[in-house]
Every structure is written in structure tokens, then in C-alpha cells.
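Residue strings, one per chain:
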Amino acid sequence: MATWTLDHPDKLTFDEVRRVLVKIVEGSVSVVGSDDRPTLELSELSGEPLRVRHEGGALTVDYERPWRPWPLAWLVGGVKRRKAVLTLAVPRDCRVELRVVSASLMVGGVHAPVEAHTVSGEITLTGLRGAVEAESVSGPVQASGVTGDLSARTVSGDLTVAEGGGGSVRARTVSGAVAVDLLARGDRDISLSSVSGDLTVRLPETSDLQVKLQSTSGQVTSAFDQLERDRTPGRYTAWGRLGAGTGRLRAASTSGHVALLRRAPEATL
């Protein structure tokens, strides 16, 4: 196993990388799929040095001493800022796992599974083909051109999905807003839930889905006339079948509004 200690900005190059695991506290991590040789570039560092390990195609970036904050550390000067700004270029079939505290995360152009976890940082996902799992407490999650299955969870952070492909979408939030814009039709599973956050879905006009929209006290609206509606106090719902109904859409909120929009057909030249 090859090991490096980085205590200043530096750049490393590797022969083979099939899996990446990054654990830092503050700063940012950017991972981009590339056809070039795998590289790791550290452009900014504060606090303790980073430890880099490379063995059997697995690349791990973390600290030699794990970060475990304790409530009274500030009284004895025990708090040291750990900030790092990292950029990684990896093969497109490289599995990516990022676990940070308040750092922002960006992953693009990767075809293998991706996991991105942060507490308060922003997560940006673009051009991903494999299964994606994203989790943030207060930071937003933005996904564009993700064609694999997407699972996202937040507490107060917003979730935005643009140009969604043919994979399933599962999103849960407490008070964040969820907006999902899907391009592809077909057999897919879309499940959205919130406590007080609004849920908005835009579908192609020729979608094939069994649909159920529900809110306890929020409004439920649909641009598809095929759906039936029930506005009984304490339960606002819309349900029905679009097209062949081979897929499924479920969107439920306690007090947030739920809206189903229709994407206009693509213009042909």
C-alpha cells in the first residue's frame, strides 16, 4: 500500500483507481470522470494534514486522526479548523463515496455508483449514469442529467432534479422543497415525501404512470385532466393512470403543496 501525507497544496497521480473514498470536514470536494490518468489535486489546506492511501485500486483520502467533536472542546482550545479543497479526476467507471461535514460536493461524468453525504454543504450531481445516493441536513441537493436511480434525503435542504433520465427517483425531506423535472417516459418509480416542504413534479405529456398525489392540509394540483380529485377536508388527493400506467408516481406531504405539471412536447424541425 502506498501512503502519502499532504500538509500543503500538492498533486498526486495514480496508475489505477476503481474506488474513491473521501472523508474531510470543511472545504470542497470535486470529482470528475475522465479518460486521462487518475489524479488528486489539493489546492487549499488548513489544520491537520491529509492522509492519502492507495491500495488495490482503492484510493482513500482522510485524516490520520478521525474528527470526533465533543461539546466542551472549545473551552480547552480543542477545536482546530480542518479545511481542504480537493479536485479528483477518476475513470468514468470508478465508484465514488464522499462523506464530509460542512464541505460542498460536486460529482460529474461518472458511470459507476455515487454516494455523497454532507451535513451543511451543497451537493451538485451532473451527468451520472449509475445509482446515486445523496444526503444533506441543511444544504441543497442539485442533480442534472442523472440517468441512473436517484435516492436523496434532506432535513431542510431543497432538492432539485433537472433533465431527469429513466431511473427511479426517491426523495424525502422534512421542510425542504422538492422539484423534479423528468425527460424520459417509461416504467419508472418516483416516490416523493415531505412534512412541510412543497413537492413539484413535471412529466412528459406521454408518461406511463400510476399516480397518487396527497397532502393533509396543502393544495394538490394537476395539469393532467385524466386524474380524479378528492378535496375532502383533511385529505386532498389526486389519483389515476397516465398512458399505460407501467410506472408509479407517489407524492405525499403533510402540510406542503403538491403539484403535477406537464412538459410540452419537444419541438421538431
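For the structure, see preceding data.
From a predicted model like this one, the values you see are computed outputs, not experimental measurements.

Attention now moves to the packing of aromatic side chains. Evaluated as defined, the whole model comprises 1 aromatic pair. Across from the ring centre of Y63, 4.5 Å away, lies the NZ or CZ of R82, which sits over that ring. Directly above the ring of F224 sits R262, whose terminal nitrogen or CZ lies 5.3 Å from the centroid.

On the basis of which strands lie adjacent, the open sheet formed by 12 strands has the order β2-β5-β8-β4-β10-β12-β14-β16-β18-β20-β26-β22 and mixed pairing. With partners counted over all chains shown, the strands left at the sheet margins are β2 (10-13) and β22 (220-222), one partner each. Each strand of the sheet is rotated relative to its neighbour by a mean of 10 degrees, with strand direction disregarded. Of the strand pairs in this sheet, β22 and strand β26 (residues 258-263) are connected by 3 bridges, and their pairing is parallel. In the sheet register, S222 faces β26, and the bridge partner there is L260.

The pairing of strand β18 (residues 178-182) with strand β20 (residues 199-204) spans 4 bridges and is parallel. Bridged to A179 within β20 is T200. Relative to β26, β20 runs parallel, the two sharing 6 bridges. By the bridge assignment for β26, P204 is matched with R263.

Here is what the cut-offs are and how they apply
Residues numbered from 1 in each chain as written. Predicted model: local features only at pLDDT ≥ 70, side-chain atom pairs only at ≥ 80, totals over all residues. Heavy atoms only, no water. Phe/Tyr/Trp six-rings, centres within 6.5 Å; stacked < 30°, edge-to-face > 60°. Lys NZ or Arg CZ within 6 Å of the ring centre and 35° of its normal. Pairing = 2+ DSSP bridges. Helix = DSSP H or I, 4+ residues; strand = E, 2+ residues; numbered from the N terminus. Axes fitted to C-alpha atoms, helices over the stretch in contact; angles between N-to-C directions.

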